[in-house]
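Residue-level listing of the chains:
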Amino acid sequence: MRTPRQVDIDVTNRCNLRCKFCYHFESAGDVGRDLSTAEWLQFFEELNRLHVMSVTLAGGEPFFRSDFKELITGLVNNRMRYGILSNGTLITEETAAFLKQTGRCNFVQVSIDGSKPDIHDYIRGSGSFEKAVRGIEICKKHRLTVDIRVTLHKKNIHDVENIAELLIERLGIHGFSTNAASYMGLCAINSDALSLDTADRSVVMQKLVDLNKKYDNRITATAGPLADAHMWNRMEKARRINGENTKPGSLTGCGCVIEKIAIRADGVIVPCNMLSHIELGRINQDSLEYVWQHHPMLEKMRTRSGISLAEFEFCRGCEYIGTCTGNCPALAYTTFGEIDHPSPDACLRRFLQDGGVLPVIDESRQTME
Amino acid sequence: MKETGKPTANPMLVLREEFDDWAILFDPDTGDAHALNPISVFVWKRLDGHHSVDDIMSELVKSCDDVPENAQTEVIKFIDELLEQGYAGYEI
Ligand code: SF4
Ligand code: SF4
């Protein structure tokens, strides 16, 4: 691909909240400053010239910027669509009406982490649940596509049934996606209190699988317990069928840099906002097209899929090596300090050695995404 | 289609040339993306208000060794589809 199709932009480093598991704050992406309106608008013109189709605005909290409408107008004038990742608390009738009239908003993703204030606000701060729910209702009223993200952690896994009921039955949301608090940013600091251990993961995987039976697969995941549940079940099935006669898999668990790239709040170009320590250049100074086509780090990441799992001591003798993908390089980096390594967080062998239990899945009824 | 006319591509559409000579024509207003074959890409790039269908056809014949027999019909059909969807028009 000659240019990226999509660009993920941390449009601000600031946020009105300080969630205990935020991956942004205290990470390399927490750059302590924002770019001006003019700098972003200049960059959007470059994205237009490169025929980028869509942008995802994140942060920090995108709605925290007072020039938010100007930035959106800049994206629209430069022939792009956009999505927004938000905590939902700053969404007003006026903002929602504005987004709707652009005709280009793919989605507004709002985070909900509990079925009631005490659970959600434990992470995000007092009053944020009511405001986020109100934000969702406003988006729905203005007929925007609202995606909900539920981040699972130690204190909300026993509320997951109630969260599903709130979102699907009471708020009438088509479905929601899930992931888990990852060992990054503030979560790495609060890990003992928040990160799911093996027993938690076993419990919540089964709960999510069961909920998907009840709600007709309206819960999705590309990472976290539900994604692991499906991937690990397929790996287990393959192990039973193929035994040890399998060719080792390779590090294919990340397709990010094939279609998209990311920008930090200070304008530094990075492969992904989870890998914000890898600096590839700076917008409005370096050509994004050149970085995309020629930066040796991107080249290295794109050929990562050629690295066999057999090369790792970590994977020696593993019965799952034929179907394992090594998963997310960002999680490998936070644990091992290197991206060319399988992520221990998504290691099925380790999970089972720790006493983890795979969920029972009726594969004929379930899809992952 | 007015065969003597010189159509212009809608400038709000995005042509992404991605794989070899194929491309994606993206409409940001609807999010629709259409795959264009190399001949369609060739045509699209000449919808600049200065080329008639005849002009486009003669350029096509000059630049390709192997132009299919039904190329003119296909090109006219393609431009008609673009006009119908508002992806191209005539300057007034
Ligand atoms: S998780 Fe999102 S809402 Fe919470 S502090 Fe981080 S950027 Fe702000
Ligand atoms: S040891 Fe873990 S990461 Fe390595 S192949 Fe086995 S399951 Fe995958």
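Residues numbered from 1 in each chain as written. Chains lettered and ligands numbered in written order. Predicted model: local features only at pLDDT ≥ 70, side-chain atom pairs only at ≥ 80, totals over all residues. Heavy atoms only, no water.

Across its full length, chain A carries 15 helices and 10 strands. Taken against the 2.2 N^0.38 rule, which gives 21 Å for 369 residues, the C-alpha radius of gyration of chain A at 21 Å falls within 12% of a compact globule. For chain A, the proportion of its 369 residues judged to be buried stands at 58%. Taking contacts inside chain A between residues at least 6 apart in sequence as the whole, the part at least 24 apart equals 75%. Total accessible area computed for chain A in this model is approximately 15,400 Å², and 49% of it derives from carbon and sulfur atoms. Between the mean site of the 44 positive side-chain charges and the mean site of the 47 negative ones, chain A shows a separation of 4 Å. (Helix = DSSP H or I, 4+ residues; strand = E, 2+ residues; numbered from the N terminus. Rg over C-alpha atoms; globule rule 2.2 N^0.38 Å. Buried < 20%, exposed > 50% of the residue type's maximum accessible area, 1.4 Å probe, protein only. Contact = heavy atoms within 4.5 Å. Areas by Shrake-Rupley, 256 points an atom, 1.4 Å probe, with all protein chains shown as cover. Lys, Arg positive; Asp, Glu negative; His and termini not counted. Charge placed at Lys NZ, Arg CZ, Asp CG, Glu CD.)

What chain B contains, in helices and strands, is three helices and five strands. Starting at the N terminus and ending at the C terminus, chain B contains elements arranged as β-β-β-β-α-α-α-β. Computed over C-alpha atoms, the radius of gyration of chain B comes to 13 Å, within 12% of the 12 Å expected from 2.2 N^0.38 for 92 residues, which places it in the range of a compact globule. In terms of overall dimensions, chain B has a C-alpha envelope of 35 × 35 × 20 Å along the principal axes. For chain B, the proportion of contacts with a sequence separation of at least 24, taken over those separated by at least 6, is 53%. By element, 49% of the accessible surface of chain B is carried by carbon and sulfur atoms, the whole surface being about 5,300 Å². For chain B, the distance from the average site of its 7 positive side-chain charges to the average site of its 20 negative ones is 5 Å.

All right, on to the pattern of salt bridges then. A pair can form between side chains of opposite charge whenever their charged atoms are brought close. Residues and elements named next belong to chain A. For the coordinates displayed, the defined rule picks out 26 salt bridges over all chains. Here K154 ties to D197 by a salt bridge, and the two come within 3.1 Å at their closest N and O atoms. Here K154, found in the loop between β5 (146-152) and α6 (160-170), pairs with D197, found in the loop between α8 (191-194) and α9 (198-214); they are 43 residues apart in sequence, far enough to count as distant. D197 gets classed as partly exposed once you look at its relative accessible area, which sits at 34%. Ionic pairing is found between R264 and D266, a salt bridge with its closest N-O pair at 2.9 Å. Through salt bridges that share partners, E236, R239, R240 and E319 make up one connected network. (Salt bridge = Lys/Arg side-chain N within 4 Å of Asp/Glu carboxyl O.)

Close to ligand 2 lie F314(A), C315(A), C318(A), I321(A), C324(A), P342(A), C347(A), L348(A) and R349(A), which account for all nearby residues. Residue composition of the shell around ligand 2, grouped by class: eight nonpolar, no polar and one charged. (Near = heavy atom within 4 Å. Nonpolar A, V, L, I, M, F, W, Y, C, P; charged D, E, K, R; others polar.)

At the junction of the two partners, chain A supplies 15 residues and chain B supplies 17 residues. Together chain A and chain B conceal approximately 1,300 Å² of surface at their shared face, both sides included; 49% is due to carbon and sulfur atoms. It is R2(A), M53(A) and R79(A) that lose the most area in chain A upon contact with chain B, and together they represent 46% of the buried surface on that side. Between the two partners, chain A and chain B, sit two salt bridges. Across the pair E18(B) and R5(A) runs a salt bridge, and its minimum N-O distance is 2.7 Å. Here chain A is connected to chain B by 11 residue pairs in polar contact (both at pLDDT 80 or more). Residues of the side of chain A that touches chain B, tallied by class, amount to seven nonpolar, three polar and five charged. (Buried area = accessible area lost by both parts, 1.4 Å probe. Polar contact = N/O pair within 3.5 Å; in protein donor to acceptor, adjacent residues only side chain to side chain.)

So, on to the sheet that holds strand β2 (residues 54-58) of chain A. Within a sheet, adjacent strands bond to each other through the backbone by hydrogen bonds, running parallel or antiparallel. All names here are of chain A. Pairing is mixed across the open sheet formed by 10 strands, whose spatial order is β7-β6-β5-β4-β3-β2-β1-β8-β9-β10. Strands at the two margins of the open sheet, each flanked by one partner only, are β7 (219-220) and β10 (281-282). Note: strand β4 (residues 105-111) against β5, four bridges, orientation parallel. When the bridges of β5 are listed, V108 appears paired with V146. The sheet contacts of helix α2 (residues 68-77) involve β2 and β3 (81-86), and relative to β3 the element is tilted by about 150 degrees. (Pairing = 2+ DSSP bridges. Axes fitted to C-alpha atoms, helices over the stretch in contact; angles between N-to-C directions.)

Residue and element names in this part refer to chain A. Looking at where S202 falls in the secondary structure, it is placed in helix α9. Among the residues examined, S202 registers a relative accessible area of 12% and is labelled buried. Apart from residues lying up to four places away in sequence, S202 is in contact with F351, G356 and V357.

A word on the packing of aromatic side chains. Within this structure, the stated rule accounts for five aromatic pairs over all chains. Ring pairs connect the aromatic residues W40(A), F43(A) and F44(A), which therefore count as one cluster. Lying across the ring of F25(A), R18(A) places its NZ or CZ 3.7 Å from the centre. If you follow R46(B) out to its NZ or CZ, it ends over the ring of F42(B), 3.6 Å from the centre. (Phe/Tyr/Trp six-rings, centres within 6.5 Å; stacked < 30°, edge-to-face > 60°. Lys NZ or Arg CZ within 6 Å of the ring centre and 35° of its normal.)

Now for the nonpolar core. Within the largest apolar cluster, 98 residues are counted, with the highest numbers of intra-cluster contacts made by I9(A), W40(A), L47(A), I72(A), L99(A) and I148(A). Among the nonpolar cores identified, the runner-up in size contains 23 residues, and V41(B), I56(B), I79(B) and Y87(B) belong to it. (Core = buried A, V, L, I, M, F, W, Y, C linked by side-chain atoms within 4.5 Å.)

Residues and elements named next belong to chain A. Taken N-terminus to C-terminus, the directions of helix α1 (residues 37-49) and α2 make an angle of 15 degrees; their axes are 9 Å apart at the nearest point. Compared by their axis directions, α1 and α2 come out roughly parallel. The chirality of how α1 crosses α2 is right-handed. Residues T37, W40, L41, F44 and N48 of α1 form the contact with α2, whose own contacting residues are E70, L71, G74, L75 and N77. Taken together, the residues of the contact of α1 with α2 break down into five nonpolar, four polar and one charged. (Parallel < 35°, antiparallel > 145°, perpendicular 65-115°, else oblique. Left-handed = near helix turned anticlockwise from the far one by under 90°.)

What follows covers helix α2 (residues 53-63) of chain B. Working note: α-helix, 3.6 residues per turn, so residues spaced by three or four point in the same direction. All names here are of chain B. Three or more residues of α2 are buried, namely V53, I56, M57 and L60. The buried residues of α2 all sit within an arc of 100 degrees when viewed along its axis, so they share a single face. Against α1 (38-44) and α3 (71-85) lie the buried residues of α2. (Arc of directions from axis to C-beta.)

Once that is clear, we can look at the site of ligand 1. What surrounds ligand 1 is the set C15(A), L17(A), R18(A), C19(A), C22(A), F25(A), G60(A), N87(A) and R124(A). When the residues that make up the shell around ligand 1 are grouped by side-chain class, the tally is five nonpolar, two polar and two charged.

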